Amino acid sequence: MVGKATKYTLEREVILEGRIVSLDLSPDGTELLAGSATGKIFKSLTSDLSSTINSEGHVEHISQVAFKKDKVDIFATIDHAGQIIVWDLNTLNVITRCTSGTINKAKGMSVCIADDDTIVSGWDDGFIRCFEVSDKKYSAMKWEIVNAHRGAVTCVYAVKEF
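The notes below deal with the structure included here.

Cut-off values and rules
Residues numbered from 1 in each chain as written. Predicted model: local features only at pLDDT ≥ 70, side-chain atom pairs only at ≥ 80, totals over all residues. Heavy atoms only, no water. Buried < 20%, exposed > 50% of the residue type's maximum accessible area, 1.4 Å probe, protein only. Helix = DSSP H or I, 4+ residues; strand = E, 2+ residues; numbered from the N terminus. Pairing = 2+ DSSP bridges. Salt bridge = Lys/Arg side-chain N within 4 Å of Asp/Glu carboxyl O. Lys, Arg positive; Asp, Glu negative; His and termini not counted. Polar contact = N/O pair within 3.5 Å; in protein donor to acceptor, adjacent residues only side chain to side chain. Contact = heavy atoms within 4.5 Å. Phe/Tyr/Trp six-rings, centres within 6.5 Å; stacked < 30°, edge-to-face > 60°. Lys NZ or Arg CZ within 6 Å of the ring centre and 35° of its normal.

**A word on the pairing of strand β11 (residues 108-113)**
Buried residues dominate β11, accounting for 5 of its 6 residues. As judged from the 5 bridges shared by β11 and strand β12 (residues 119-123), these two strands associate in the antiparallel manner. Bridged to I113 within β12 is I119.

Take a look at the structure:
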């Protein structure tokens, strides 16, 4: 859509499978990632909205997709099954997976890639968990903040300055 205030014109549209529950724009603005309620991830070019679907993905509702703020080739997703997946955007292959490791299987709510390349995540049990990204199938938890929030942690953001 192009325009301002209350006057917009539809220039292009794309129809994707499932309800879109999360969007993130690449740092350079050339690609848009969409996570769906069906667990699928779509990559669309912003220039023409041509889209590709990822062949591997989540089995539950994707809560959030997130690019690293200064890299366009890596992104992370988190789902309601309690799984984080770190992806290579060029190939749409999985780099690693992270899980909360709890018996009660907390739902993943929010995710971001920190400046130090760790994955910081918010969960419906009120915890904030951080994972060290590795080239192993599953990456280990680095730290967690127990009961960081009274309810679900629906937004996380990490920067070096703090």
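Moving on from the model shown.
**Here's the deal with the pairing of β12**
On any regular strand, side chains alternate: one points to one face of the sheet, the next to the other face. Judged by how many residues are buried, β12 sits mostly within the fold: 5 of 5 residues are covered. The two faces of β12 match: I119, S121 and W123 on one face and V120 and G122 on the other face are all buried. The antiparallel hairpin formed by β11 and β12 contains 5 residues in its connecting segment, where D117 sits at a positive phi of about 70°. Bridge count for β12 against strand β13 (residues 128-131) is 4 bridges, and the pairing is antiparallel. Within the sheet, the bridge partner assigned to S121 lies in β13 and is R129. Where β12 folds back on β13, the antiparallel hairpin that results is connected by 4 residues, among which G126 adopts a positive phi of roughly 85°.

**Side note on the pattern of salt bridges**
Applying the stated rule across the entire model yields 8 salt bridges. Between D115 and K69 there is a salt bridge, with the nearest N and O atoms lying 3.4 Å from each other. Linking D115 in the loop between β11 and β12 with K69 in the loop between β7 (62-67) and β8 (74-79), this pair joins segments that are 46 residues apart in sequence. Under the relative-accessibility criterion, K69 is labelled partly exposed at 45%. Ionic pairing is found between E144 and R129, a salt bridge with its closest N-O pair at 3.1 Å. Residue E144 is located in strand β14 (residues 141-145), and its partner R129 is located in strand β13; the two are separated by 15 residues in the primary sequence.

**A short note on the side chain of D79**
Looking at the element boundaries, D79 is found in strand β8. Here D79 occupies a buried position and makes no salt bridge, while the nearest side chain of opposite charge, R97, is found at 7.2 Å. Among the polar contacts made by the side chain of D79, one reaches the main-chain amide nitrogen of A81 at a distance of 2.9 Å. Polar contacts involving the side chain of D79 include one to the main-chain amide nitrogen of Q83, which spans 2.9 Å. If we ignore the near neighbours within four places in the chain, the residues touching D79 are H58, V59, E60, H61, I62, S63, K107 and G108.

**A word on the packing of aromatic side chains**
In total, this model carries 2 aromatic pairs according to the counting rule given. Look at F67 and F75: their rings are 6.1 Å apart centre to centre, the planes differ by 50°, and that puts the pair in the tilted class. Classification of F75 as buried rests on a relative accessible area of 0%. Between F75 and W87, the ring centres sit 5.9 Å apart and the planes meet at 10°, which makes this aromatic pair stacked. Of this pair, F75 sits in strand β8 while W87 sits in strand β9 (residues 83-88); the two residues are 12 residues apart in sequence, bridging distant segments of the chain. One exposure class covers both F75 and W87, and it is buried. Put simply, the rings of F67, F75 and W87 touch in pairs and so form one group of aromatic residues. One residue, R129, lies across the ring of W123, its end atom 5.3 Å from the ring centre.

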